[in-house]
Amino acid sequence: MNFISKSIINGSFIIFLLIAFHISIAQRPGSYNAIYSGVPWLDDKGNVVSAHGANIVKDNGRYYLFGEAHTDTSNAFVGFNCYSSPDLYNWKFERIALPVQASGKLGPNRVGERPKVMKCPKTGEYIMYMHVDTLGYIDQFVGYATSKTITGPYVFKGPLLFNGKPVKKWDMGTFQDKDGTGYVLLHGGDIYKLSDDYKSVSEQVNKAMTSGFESPAIFRKDSIYYFLGSHLTSWEKNDNYYYTATSLKGPWTSRGLFAPEGTLTWNSQTTFVLPIEGSKETTYLFMGDRWSFPKQASAATYVWQPLIVSGTSLSIPKFREAWKINTSTGVALPSTIGKKTIENTDNRFITYSGNWQHESDSTSVSSSDEKGASLSVKFRGTQIGLYGLSGPTGGYARINLKNTKGKMVLSSLVDMYTKYPLVSLQFLSPFVPKGNYTLTVSVTGEHGNWSDKRKNVYGSTGNLVSLDKIFIND
Ligand code: GAL
């Protein structure tokens, strides 16, 4: 007799179910029904999804996301995370696919960035490539790690060799062509072809065609290759651009920007393009990072948008804060956020504490930079979203969602810094069980800023937190 049958007989099955139910509620605050860009995502355990500089591999009908794990305190390597999902909306934490090594090039106080996984068609092994470096970015090379299973743990093998020497470049990406050949891409535009076992480079097929061009990513549609990359502005966003060619060897033609100028690639930096091949069409998923140094673990978010690909033209003409993808048909569909709107001056729902300004200009936002000032919203429903004004003096907001018993349902840190002012979705909860909740937004008195490899200073100069309006789903 198995455990369940025995438990039913002695009555403990009900208790078992209650415990299991309680644990699952405690772990998983809710689920998502669309791709939401620019807001923290929670995984199946209620933790923020930390997988930046990522790529996605589809394996046995499931999507696997690999990316940088981060802390909120330093840039030191803390491993590469692996998550999986059936729908690209809800992510299950699988494991730390490659942990910090006890010592060596990916040991403590080193840098590990932009992990990319490909399955080697010849050996069936999974190979992970990454940028390895020192904290000061002076010892860069492409490293690799291998695993027999997709989720790992991956075993770090050291540098990827070309003619017996490491490839000493920093930002990197990967591309697997239709014939199964694997390529490693480097900043500037270098492309290296991998050997049959994916464990060394057999040939350099393209030499850098420009300077900068970080976060390189290639995808192919029919006979055209699209090569995307960013300017060199550290964690700051910039207007990313692209090239096209009919051969990876080039010649590569510069095609300009793929998002409207000044949007800074909708405030993100390219990391990967995933073709979602369905029965009806293929949607090309642009994956970008919205960095938030130093609080990269909590407040860096994802900008995932459908690319419009037509001939040699590539674009993301408008920002979709929510959209759906049918992974069986490959069709992308529009989606909306919230049904009911609460204005920031509506004192039936919102209570302010501390010093808040209500702007009477066109933005009409409520804002505060006073540490500890807060606002709370009492509502009944299944989901809450918050729009705010981000800008060059934006700071970090702490957002807590509690139920009527005062129990914390979720807690998120939101970065309201952007180089150019913008009213946008700042926070969105997953769908939680219908009920009464209180959402609290507090000014932390902190903001993100940093300096790059050349000691240029970037980031926010203030701690401003603002509220434009609230959206509720019943
Ligand atoms: C960016 C690069 C990131 C990271 C960062 C550090 O330009 O794309 O991967 O290296 O610089 O400042």
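Treat the numbers as computed from the prediction; the structure is a model and nothing was measured. (Residues numbered from 1 in each chain as written. Predicted model: local features only at pLDDT ≥ 70, side-chain atom pairs only at ≥ 80, totals over all residues. Heavy atoms only, no water.)

Engineer: I keep staring at the site of the ligand and nothing clicks. Help me out?
Structural biologist: Around the ligand, the neighbouring residues are E113, R114, Y137, D171, E214, S234, W235, Q269 and K453. Between the ligand and the protein, one listed contact pairs an oxygen atom with a side-chain N or O atom of S234 at 2.8 Å. With respect to the ligand, the side chain of Q269 contributes an N or O atom lying 2.9 Å from an oxygen atom. Contact with the protein chains hides 98% of the accessible area of the ligand, taken as 310 Å² for the molecule alone. (Near = heavy atom within 4 Å. Polar contact = N/O pair within 3.5 Å; in protein donor to acceptor, adjacent residues only side chain to side chain. Areas by Shrake-Rupley, 256 points an atom, 1.4 Å probe, with all protein chains shown as cover.)

Engineer: How do you make sense of the domain arrangement of the protein when you look at a structure like this?
Structural biologist: Accessible area lost during the coming together of the parts is what is often quoted as the interface size. Considered domain by domain, the protein is made up of domain 1 (17–276 + 288–303) and domain 2 (340–473). Put simply, the middle of domain 1 and the middle of domain 2, counted by C-alpha atoms, are 29 Å apart. Each side of the interface is counted separately: domain 1 has 27 residues, and domain 2 has 31 residues. Interface area, domain 1 with domain 2, both sides summed: about 2,500 Å², of which 62% is carbon and sulfur. For the domain 1 face of the interface with domain 2, the top three residues by lost area are P29, E236 and K295, together amounting to 20%. Where domain 1 packs against domain 2, one counts 1 salt bridge. For K295, the salt bridge identified is with E446, shortest N-O distance 3.5 Å. Among the elements of the structure, α3 (264–267) and α4 (296–299) are those that each provide at least two residues to the side of domain 1 that touches domain 2. Tallied by class, residues from the side of domain 1 that touches domain 2 come to 14 nonpolar, 10 polar and 3 charged. (Domains from an automatic or database assignment. Contact = heavy atoms within 4.5 Å. Buried area = accessible area lost by both parts, 1.4 Å probe. Salt bridge = Lys/Arg side-chain N within 4 Å of Asp/Glu carboxyl O. Helix = DSSP H or I, 4+ residues; strand = E, 2+ residues; numbered from the N terminus. Nonpolar A, V, L, I, M, F, W, Y, C, P; charged D, E, K, R; others polar.)

Engineer: Looking at this structure, how should I read the layout of surface pockets?
Structural biologist: Taken as a whole, the largest pocket spans an internal volume of roughly 730 Å³. When contributions to the lining of the largest pocket are tallied by element, the ones reaching two or more residues are β2 (52–59), β6 (110–119), β12 (172–176), β16 (214–221), β20 (269–277) and β21 (282–290). The element best represented in the lining of the largest pocket is β20, accounting for 6 residues. Looking at the lining of the largest pocket, its residues break down into 14 nonpolar, 4 polar and 9 charged. (1 Å grid on protein atoms, 1.4 Å probe; cavity = no way out; pocket = protein on both sides within 12 Å on 5 of 7 lines; lining within 4 Å. Points joined across faces, edges and corners; volume = space filled by probe spheres on them.)

Engineer: Sorry if this is basic, but what is going on with the nonpolar core here?
Structural biologist: The tendency in soluble globular proteins is for nonpolar side chains to be buried as a group. L65, W91, W304 and L439 are the most contacted members of the largest nonpolar core, which has 58 residues in total. Broken down by element, this core gets its largest block of residues, 4 residues, from strand β35 (residues 435–443). The two domains that each donate at least three residues to this core are domain 1 (17–276 + 288–303) and domain 2 (340–473). When neighbours within four sequence positions are excluded, L439 is seen to be in contact with L375, S376, V377, F379, I384, L386, I399, N400, L401 and F427. Listed in part, the 19 residues of the second largest apolar core include V57, Y126, M130 and F156. (Core = buried A, V, L, I, M, F, W, Y, C linked by side-chain atoms within 4.5 Å. Buried < 20%, exposed > 50% of the residue type's maximum accessible area, 1.4 Å probe, protein only.)

Engineer: Sorry if this is basic, but what is going on with the side chain of T233 here?
Structural biologist: With respect to the helices and strands, the residue T233 is situated in the loop between β17 (224–230) and β18 (241–245). Only 2.9 Å separates the side chain of T233 from the backbone oxygen of E236, close enough to count as a polar contact. Setting aside residues up to four positions removed in sequence, T233 forms contacts with N238 and Y458.

Engineer: Would you mind going over the sheet that holds strand β4 (residues 80–85) with me for this structure?
Structural biologist: Two strands in a sheet stick together by hydrogen bonds in their backbones, pointing the same way (parallel) or opposite ways (antiparallel). Across the sheet, which stays open at both edges, the 4 strands sit in the order β2-β3-β4-β5 with antiparallel pairing between neighbours. Where the open sheet ends on each side, the last strands, each with one partner, are β2 and β5 (92–98). In this sheet, neighbouring strand axes are inclined to one another by 25° on average, regardless of whether the strands run parallel or antiparallel. (Pairing = 2+ DSSP bridges. Axes fitted to C-alpha atoms, helices over the stretch in contact; angles between N-to-C directions.)

Engineer: What is the right way to read the packing of aromatic side chains from this model?
Structural biologist: Working definition: an aromatic ring pair is given by the centre-to-centre distance plus the angle between the planes. Taken as a whole, this structure holds 27 aromatic pairs when the rule is applied. Taking the centre distance of 4.8 Å and the plane angle of 80° together, the rings of W41 and W304 count as edge-to-face. In this pair, W41 sits in the loop between β1 (35–36) and β2 while W304 sits in strand β22 (residues 301–310), placing the two residues 263 residues apart along the sequence. Each of the two residues, W41 as well as W304, counts as buried. An aromatic cluster is present here, built from F213, F227, Y241, Y243 and W252 joined pairwise through their rings. (Phe/Tyr/Trp six-rings, centres within 6.5 Å; stacked < 30°, edge-to-face > 60°.)

Engineer: Is there a simple way to think about the sheet that holds strand β31 (residues 383–390) in this case?
Structural biologist: If you trace the 4 strands from one edge of the open sheet to the other, you get β26-β39-β31-β34, paired in antiparallel fashion. Of all strands in the sheet, those with a lone pairing partner are β26 (340–343) and β34 (422–428), marking the two edges. Across this sheet, the average inter-strand angle for adjacent strands is 25°, counted without regard to direction.

Engineer: Is there a simple way to explain empty space enclosed by the protein in this structure?
Structural biologist: Once rolled over the atoms, a probe with the size of a water molecule shows which space is left empty. Scanning all chains against the criterion turns up 5 cavities of 30 Å³ or more. Forming the boundary of the largest cavity are 17 residues, of which G38, R290, T301, D415 and Q426 lie nearest the centre. Residue assignment for the lining of the largest cavity shows that the elements contributing at least two residues are β33 (408–415) and β34. Grouping the amino acids of the lining of the largest cavity by side-chain chemistry returns 7 nonpolar, 7 polar and 3 charged.

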